[in-house]
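# Examining the three-dimensional arrangement
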Amino acid sequence: MIRISADHWLLALRTVLAVWLALFLSMRLDLYQPAWAILAVMIVTLQPVMFTGGTPPIGIIIGRSLARLFGTLFGAIVALVLIALFGQQPMLYLLFAGAWLAFCMYWVILEPDEYIGYVMMLSGYTSTLVSLTAIGTGIEDIWSVAQGRFSETALGIGCGLLMHVVIAPRYGSHALPSALSQFLSRAATETLATLAEPRARDDRDAQLKTLFQHYQQFETLRGLTRLETRRLSHFIPALDRFASDGLALITAVRELETALDYLRDCEDGERWLAELSRQAQPLLTAIEAEPEGKPTERLLLADFEWDEATVEPRTRTRAELVRQRLGEVLGLLQHGRRLRNALNDPTSSKVKTLPRERRSRAAHNEHFVARFNAFRVFIAFELLGQVWVHSGWHSGYLAMMLLGVFIMLFAKAPNPAAIVNQFLWGSIAAVILGGVLLFLVLPVINGFPLLAIAIGIPVAIGTLMTPHPRWSLMGMAGAITMMTLLNLHSTYTFSPSSYINGGLASIIGTIAAMITYSLFRQRSPGERIETLMAAYWRGLSRLLREKSLPNRARLESRLYDRLGRLVALGGSDRSVSEAIDLHALALCVWRIRRLREALGPHRAEIEAWLGDIGTRVVSRRHHDPAVWHELADEAIAWVERLYHETRLPIASIGEIAMLGHLMREAPGVVLEARADEEHDASRATTGDTRHAG
């Protein structure tokens, strides 16, 4: 039995009131199609509910509303152009409308910004909705259709947004300070545990994954700040900056763990580690207990005071490496603490001391996935269009409209065919219940109050189903399909044949989308991880070989974007750990390249050695441990050679030593093997299917 919480009842109340207001205004103003206003209310309100499981933060509603408004505007303009150029030429219309859908799909898959991607998604299927509606009802009305679609969508957005603002609004940005505190406290805890004693690899990998999850929560809430409140608007540059620094903090903690392992291997390593711990522990303990506390002056770890005649070069190098990594962690934690403390008092003069510039960001783009989805939507649209044109079925344009909507909406889902299948059952139920409402209920009611009650009941039922994962898609599909099929003009028209044709077209369009997803299957998670691994190796090879040095913030953000995709594809804890090791390896190479001027007469030779590693990384598919151990031995040989170069800074030698230590861990080997296993399993399954056929 479904348990309905108070939040879900409140969500249903907002949705029903917004639908009533949109219906009343659209009918009062005699707009083209009142159902479009209702659809705008329900999609803007219910689609985020499918992901949040309850009332979404107002920032998500605002972001989706603005994106839907602009997407609808751009889509309506494209529809006007399509009809103006190809309204009398069906084949050319299908070709160019399908090409626009494919272009929008390609952009949606590659666009890292959620709201820009949503704009392009709306632009894609709104152009087909408007143009196909004009073709089905008369292309001479294209301007009325386009204007009606935009105005009624804007009306529905306004009504939905108004109810979410007026009735118990939920502000996600209010939880932003708490999320930042949790992230900083967890990072301090992890650093203290790392300094205290060596830990098993699995334990620290699990803790690091938890730290990454806290960062993702902070990043999600940060995106709501610019939409929900003006109180924190002047913090946006500092929050954007710390979004990059947060990634650097995670990497720094991971690198500190590796450097500590390296130092503990020395006979007197604990002595120098104790000296660093004594300096850092008070600050780390304070940040762990009170991350929002008053920030102090930046802690700079003191230089070691050692007798170079009695302390081995190996120990000096490793201790200095730990000091640098620990100093980086402390600096980033103190930056976060200053930001967190300033959030408590937005009017304080301390806000002016926060960083104002935003670091550049970069994302990992899956071009093959984008091309495949663009091809899929183009082929499906063209084939169903041919059936529509050559069959002469008047209501076929409705099937094409739903095909375009569903393929655009669910392209990023792991199993879109299953999602559309649930939509199919929701649509079938909506056709049946809509028929009862249209032909048995509406003819016997009179006046707006009774009409509002008749419409509000199915809207409330669909809204109450949406927060539950098992029924969410059926509830949303049923409510949307019913509103599409009902004749909600100011004058009631009894037309069973038209309704049946429209209902069949809705079901056929949904089935066509499901068949498309079943026939044109996306790459399996194993194959996508395999492609992801290839991107890791190519990026590492370029970093080792190219003369120009990339921006560190862009490098880090691209690496962590790949990590996020790996987690989304179901990567194991071990795979995530190895991906982080690859990040650390890439950043270690970046530091060596940055310090190349300090290598003196050895610069050309070391850069040639790094370039050779880059060539070997991409020259072979499998990077087994033996290869990495061989490269690690070469790095240690370089370190032993450079120990006796008194003019070289310890930092340069330490980075090469760290590189050798990271390569000995054979980063990415298990991750690559897992991708190969999943790829082989996928190919075997495909082969069995073909053999059975």
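Residues numbered from 1 in each chain as written. Predicted model: local features only at pLDDT ≥ 70, side-chain atom pairs only at ≥ 80, totals over all residues. Heavy atoms only, no water.

### Details of the overall build of the chain
Across its full length, the chain holds 24 helices and zero strands. Here the chain holds 693 residues, and the buried ones make up 57% of them. Here the contacts in the chain between residues at least 6 apart in sequence split such that 83% fall between residues at least 24 apart. Here the chain has roughly 29500 Å² of accessible surface; of this, 59% comes from carbon and sulfur atoms. (Helix = DSSP H or I, 4+ residues; strand = E, 2+ residues; numbered from the N terminus. Buried < 20%, exposed > 50% of the residue type's maximum accessible area, 1.4 Å probe, protein only. Contact = heavy atoms within 4.5 Å. Areas by Shrake-Rupley, 256 points an atom, 1.4 Å probe, with all protein chains shown as cover.)

### Thoughts on the environment of R298
Inspection of the secondary structure assignment puts R298 in the loop between α10 (269-289) and α11 (313-343). On the basis of relative accessible area, R298 is assigned to the exposed category, the value being 54%. For the pair formed by R298 and Q334, sequence separation is 36 residues and the distance between their alpha carbons is 6.9 Å. Apart from the residues lying within four places of it in its own chain, the contact partners of R298 are G327, G331 and Q334.

### Brief notes about a nonpolar patch on the surface
A cluster of nonpolar side chains, L66, F70, F74, I77, V81 and L85, forms an exposed patch at the surface whose accessible area comes to about 540 Å². Within the secondary structure, I77 is located in helix α3 (residues 58-86). (Patch = residues over 30% accessible without salt bridge, like charges linked within 9 Å, V, L, I, M, F, W, Y side chains within 5 Å. Salt bridge = Lys/Arg side-chain N within 4 Å of Asp/Glu carboxyl O.)

### What to know about the side chain of H335
In this structure, H335 sits in helix α11. Residue H335 is classed as buried on the basis of its relative accessible area, which comes to 6%. A distance of 2.7 Å separates polar atoms of two side chains, one belonging to H335 and the other to D245. (Polar contact = N/O pair within 3.5 Å; in protein donor to acceptor, adjacent residues only side chain to side chain.)

### Side note on the environment of L585
Mapped onto the secondary structure, L585 falls in helix α20 (residues 573-594). Distance from L585 to L659, taken between C-alpha atoms, is 6.5 Å for residues 74 residues apart in sequence. Setting aside residues no more than four positions away along its own chain, L585 makes contact with L540, W628, L659, L662, M663 and P667.

### Some remarks on the confidence of the model for the chain
For the chain, per-residue confidence averages 81 on the pLDDT scale, and 89% of positions sit at 70 or higher. Predicted confidence is poor over residues 685-693, with pLDDT under 50, and the contacts of this stretch with residues over four places away or in other chains come to zero contacts. (pLDDT = per-residue confidence, 0-100.)

### Thoughts on the pattern of salt bridges
Two side chains that carry opposite charge are able to pair once their charged atoms sit near each other. This model, assessed by the stated rule, comprises 26 salt bridges. Between E257 and R254 there is a salt bridge, and its shortest N-O distance comes to 3.6 Å. You can see E257 and its partner R254 sitting in helix α9 (residues 236-264), three residues apart, about one turn around the helix. Taking relative accessible area as the criterion, R254 reaches 2% and is therefore assigned buried. Close ionic contact of E255 with R325 constitutes a salt bridge, the shortest N to O distance being 3.6 Å.

### So, the nonpolar core
Taken as a class, soluble globular proteins show a tendency for nonpolar side chains to be buried jointly. Core analysis: the biggest nonpolar cluster contains 186 residues, and L333, W609, W628 and L659 have the highest contact counts within it. The dominant element in this core, judged by the number of residues it contributes, is α9, at 15 residues. Those residues in contact with W628 that sit more than four places away from it in its chain are W537, L540, L585, V617, H623, M663, A666, P667 and V669. A76, I142, V145 and A146 belong to the second largest nonpolar core, which has 10 residues in total. (Core = buried A, V, L, I, M, F, W, Y, C linked by side-chain atoms within 4.5 Å.)

### Remarks on unusual backbone geometry
The phi torsion at D30 lies on the positive side, around 55 degrees, for a residue other than glycine. You can see D30 is positioned in the loop between α1 (6-28) and α2 (34-52). You can call D30 exposed: its relative accessible area is 56%. Its identity as a non-glycine residue notwithstanding, A168 has a phi of 45 degrees, on the positive side. Mapped onto the secondary structure, A168 falls in the loop between α6 (142-166) and α7 (176-196).

### A closer look at the packing of aromatic side chains
Tallied over the full model, the rule gives 13 aromatic pairs. By the ring-pair criterion, three or more aromatic residues cluster together here, those being F183, Y215, F218 and F242. Its guanidinium or amino end placed over the ring of Y262, R318 lies 3.8 Å from that ring's centre, counting from NZ or CZ. (Phe/Tyr/Trp six-rings, centres within 6.5 Å; stacked < 30°, edge-to-face > 60°. Lys NZ or Arg CZ within 6 Å of the ring centre and 35° of its normal.)

### Quick word on the packing of α9 against α20
Running from N to C, α9 and α20 cross one another at 90 degrees; their axes reach a closest spacing of 10 Å. On the basis of their axis angle, the class for α9 and α20 is roughly perpendicular. Across the interface between the two elements, T251, R254 and E255 from α9 touch I580, D581, A584, L587, C588 and R591 from α20. In terms of residue class, the contact of α9 with α20 is built from four nonpolar, one polar and four charged. (Axes fitted to C-alpha atoms, helices over the stretch in contact; angles between N-to-C directions. Parallel < 35°, antiparallel > 145°, perpendicular 65-115°, else oblique. Nonpolar A, V, L, I, M, F, W, Y, C, P; charged D, E, K, R; others polar.)

### Remarks on α1
The end-to-end C-alpha distance of α1, which contains 23 residues, comes to 33 Å, matching closely the 33 Å that a straight helix rising 1.5 Å per residue would cover. Just downstream of α1, D30 is the residue with a positive phi angle, here 55 degrees. (Expected span 1.5 Å × (residues − 1).)

### Notes on the packing of helix α18 (residues 525-545) against helix α19 (residues 552-568)
Between α18 and α19, the shortest axis-to-axis distance is 10 Å and the interhelical angle comes to 165 degrees. Overall, the two elements α18 and α19 adopt an arrangement that is roughly antiparallel. As for the relative orientation of α18 and α19, their crossing is left-handed in sense. Every residue of α19 that contacts α18 at I529, L532, A535, Y536 and L543 is listed here: L555, L559, R562, L563 and L566. The residue makeup of the contact of α18 with α19, split by class, is nine nonpolar, no polar and one charged. (Left-handed = near helix turned anticlockwise from the far one by under 90°.)

### Some points on the side chain of R323
As for its position among the elements, R323 is in helix α11. On the basis of relative accessibility, which here comes to 16%, the residue R323 falls in the buried class. A polar side-chain atom of R323 sits 3.0 Å from the main-chain carbonyl oxygen of L301. For R323, the residues in contact, after removing those within four places along its chain, are L276, L301, A302, D303 and F304.

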